[in-house]
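Here is what each chain is made of, one letter per residue.
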Amino acid sequence: MHSRQQCLSDLIKITPIAYDVLRRETLNIFSQRVTIPRSIIRGNPDKSRVFIYLLKCERVYQYIATSLGHIARLPKIEELHSFYAELINIASENMYSKLIRNASISIKILTNLWSKYRKAILNSEPVEAKRLAQEFIGRSLSIVKRKLRMINILNNVVKTAKITPCIDFANPIIIVSGMPQVGKSTLVGKISSAKPLVSPYPFTTKNVILGHIDLKHIKIQVIDTPGLLDRDINEMNEIERKAVAALKHLNSVTLYLFDPSPGAYYTFKRQLNSLKTVEQLIGREKIIIVFNKIDSVSKEHLLEYENILKLQGYNEIIMISALHGINVEELIKKTIKKYDELYNTDYSKLL
Ligand SMILES: Nc1nc2c(ncn2[C@@H]2O[C@H](COP(=O)(O)OP(=O)(O)O)[C@@H](O)[C@H]2O)c(=O)[nH]1
Ligand SMILES: [Mg+2]
């Protein structure tokens, strides 16, 4: 099957620029020597200083307008897939759209300003020309400074674009979700091409990570997500919100992992609370409940927790050990079957 992978890093291609750098470069351009063609000077010998300042300002204007143009031409947030849009909003603290808008506005203001100053300088006496040119540079910089205060978000936006996986939104996606330390990254590492970091500390996974399961004619995408705490979505931090973005915006089957073992980092009750949050986001029908780490849980405990979930209406729970690969194949089969049911596809036949 054809792959239609989309990479955020191909869409957001820009070298971040800070105000201080832009200012320094502007002053640098302004201070550079310019030479006016003799033919022009010959006809207007007393105007040569005027032409020098005109040319300096023209260069500065071109430089600033070009720099802002790169920002103004970034893709609009509405043009991005909603998953990518949300990641960009998280990275920019919702300032991305405003930055692009303000870059466009600033270019217009600068262009107007330059057309006024160009006339004024051209009609001025030589001494006046220098003062007007300096005034133009000062005003241009102050427009940029005022309008593009949030320019530093570009750093984070570009960084995010670089690490965001290229997703084929038309092909199947399995999301692995759950509280920190339940074994999400271990499972993704076991079943897919991704090898996310696994550690005994929470919040080791700070980004959405993509791996693939290679079937005969298709790659099933598997997404590892940062752990979610059992709190309201509005209270979540930047890292958790990336996991929420994946859940909310990707058509997927979500594996919600529990750690029912006695050494679990969070109590079973809290894990159940966190499941409720995921349910609110995507609806119960897209979730498969998985108990991980069954290698280190007694049968009695498993049964006890299973019953709690059954009372809540979850009839099927899949028991696995991601670490030891117990029942993992079975889990993949069931997940793809569920995907087929949800999205009216027939990938199961490829297994
Ligand atoms: N006993 C046992 N430990 C596991 C299993 N899966 C993961 N772990 C351990 O649980 C800890 C957290 O794993 P990790 O995959 O980083 O969890 P994540 O935070 O949900 O991504 C690590 O120390 C893993 O080795 C399992 O099936 N059995
Ligand atoms: Mg992890």
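Residues numbered from 1 in each chain as written. Chains lettered and ligands numbered in written order. Predicted model: local features only at pLDDT ≥ 70, side-chain atom pairs only at ≥ 80, totals over all residues.

1. Details of the domain arrangement of the protein chain
Then step 1. For the protein chain, the assigned domains are domain 1 (8-160) and domain 2 (171-350).
Then step 2. Measuring from the centre of the C-alpha atoms in domain 1 to the corresponding centre in domain 2 gives 48 Å.
Then step 3. Counting from both sides, the interface comprises five residues of domain 1 and, opposite them, seven residues of domain 2.
Then step 4. Residue composition of the side of domain 1 that touches domain 2, by class: three nonpolar, one polar and one charged. (Domains from an automatic or database assignment. Contact = placed C-beta atoms within 7 Å. Nonpolar A, V, L, I, M, F, W, Y, C, P; charged D, E, K, R; others polar.)

2. Considering the nonpolar core
Then step 1. Core analysis: the largest hydrophobic core is formed by 84 residues, its most contacted members being Cys 57, Ile 121, Ile 174, Val 176, Ile 223, Ala 246 and Val 290.
Then step 2. Residue-level mapping places this core at the junction of two domains, with at least three residues from each of domain 1 (8-160) and domain 2 (171-350).
Then step 3. Sequence-distant contacts of Ile 174, that is, excluding residues within four places in its chain, are made with Ile 220, Gln 221, Val 222, Ile 223, Ser 252, Val 253, Leu 255 and Thr 335. (Core = buried A, V, L, I, M, F, W, Y, C linked by C-beta atoms within 7 Å. Buried ≥ 20, exposed ≤ 12 C-beta atoms within 10 Å, placed from the backbone.)

3. Focus: the site of ligand 1
Then step 1. Taken together, 21 residues form the shell around ligand 1, and within it Gly 183, Lys 184, Ser 185, Thr 186 and Leu 323 come nearest.
Then step 2. With three residues, the single largest contributor to the shell around ligand 1 is helix 9 (residues 184-191).
Then step 3. Of the residues assigned to the shell around ligand 1, the class counts are six nonpolar, twelve polar and three charged. (Near = placed C-beta within 6 Å. Helix = DSSP H or I, 4+ residues; strand = E, 2+ residues; numbered from the N terminus.)

4. Quick look at the sheet that holds strand 4 (residues 253-258)
Then step 1. The strand order across the open sheet formed by six strands is 2-3-1-4-5-6, and the pairing between neighbours is mixed. Looking at the sheet topology across the chains shown, the edges are occupied by strand 2 (209-214) and strand 6 (317-319). Looking at each pair of strands side by side, their axes are set apart by 30° on average, direction ignored.
Then step 2. Strand direction decides the pairing type here: strand 1 (residues 173-178) and strand 3 (residues 219-224), joined by four bridges, are parallel. Bridging across to strand 3, Ile 173 finds its partner in Gln 221. (Pairing = 2+ DSSP bridges. Axes fitted to C-alpha atoms, helices over the stretch in contact; angles between N-to-C directions.)

5. Quick word on unusual backbone geometry
Then step 1. Of note in this structure, Gln 181 is not a glycine but carries a positive phi near 75°.
Then step 2. In this fold, Gln 181 is placed in the loop between strand 1 and helix 9.
Then step 3. Unlike most non-glycine residues, Asn 327 shows phi in positive territory, near 65°.
Then step 4. Position of Asn 327 among the secondary structure elements: in the loop between strand 6 and helix 13 (328-343).

6. With respect to the pairing of strand 5 (residues 287-291)
Then step 1. Within strand 5, five of the five residues are buried, which leaves it mostly tucked inside the rest of the structure.
Then step 2. Going residue by residue along strand 5, you find Ile 287, Ile 289 and Phe 291 tucked away on one face and Ile 288 and Val 290 tucked away on the opposite face as well.
Then step 3. Regarding the hand of the β-α-β motif, the stretch spanning strand 4, helix 11 (residues 268-282) and strand 5 is right-handed.
Then step 4. As paired strands, strand 5 and strand 6 are joined by three bridges and run parallel to one another. Bridging across to strand 6, Phe 291 finds its partner in Met 319. (Right-handed = clockwise from strand over helix to strand, strands pointing away.)

7. Focus on helix 5 (residues 82-91)
Then step 1. With seven of ten residues buried, helix 5 is to be regarded as a mostly interior element.
Then step 2. By the burial criterion, the buried members of helix 5 are Phe 83, Tyr 84, Ala 85, Leu 87, Ile 88, Ile 90 and Ala 91.
Then step 3. At its buried positions, helix 5 is contacted by helix 1 (8-11), helix 6 (96-122), helix 8 (153-163) and helix 10 (238-249).
Then step 4. One or two positions beyond helix 5, positive phi appears at Glu 93, with a value near 50°.

8. Digging into the packing of helix 2 (residues 19-31) against helix 7 (residues 126-147)
Then step 1. Interhelical geometry of helix 2 versus helix 7 gives an angle of 165° and a closest axis separation of 11 Å. When the interaxial angle is binned, helix 2 and helix 7 end up roughly antiparallel. Crossing of helix 2 over helix 7 shows right-handed handedness. Every residue of helix 7 that contacts helix 2 at Tyr 19, Leu 22, Arg 23, Thr 26 and Phe 30 is listed here: Ile 137, Leu 141, Val 144 and Lys 145.
Then step 2. Here the contact of helix 2 with helix 7 is built from residues that sort into six nonpolar, one polar and two charged. (Parallel < 35°, antiparallel > 145°, perpendicular 65-115°, else oblique. Left-handed = near helix turned anticlockwise from the far one by under 90°.)

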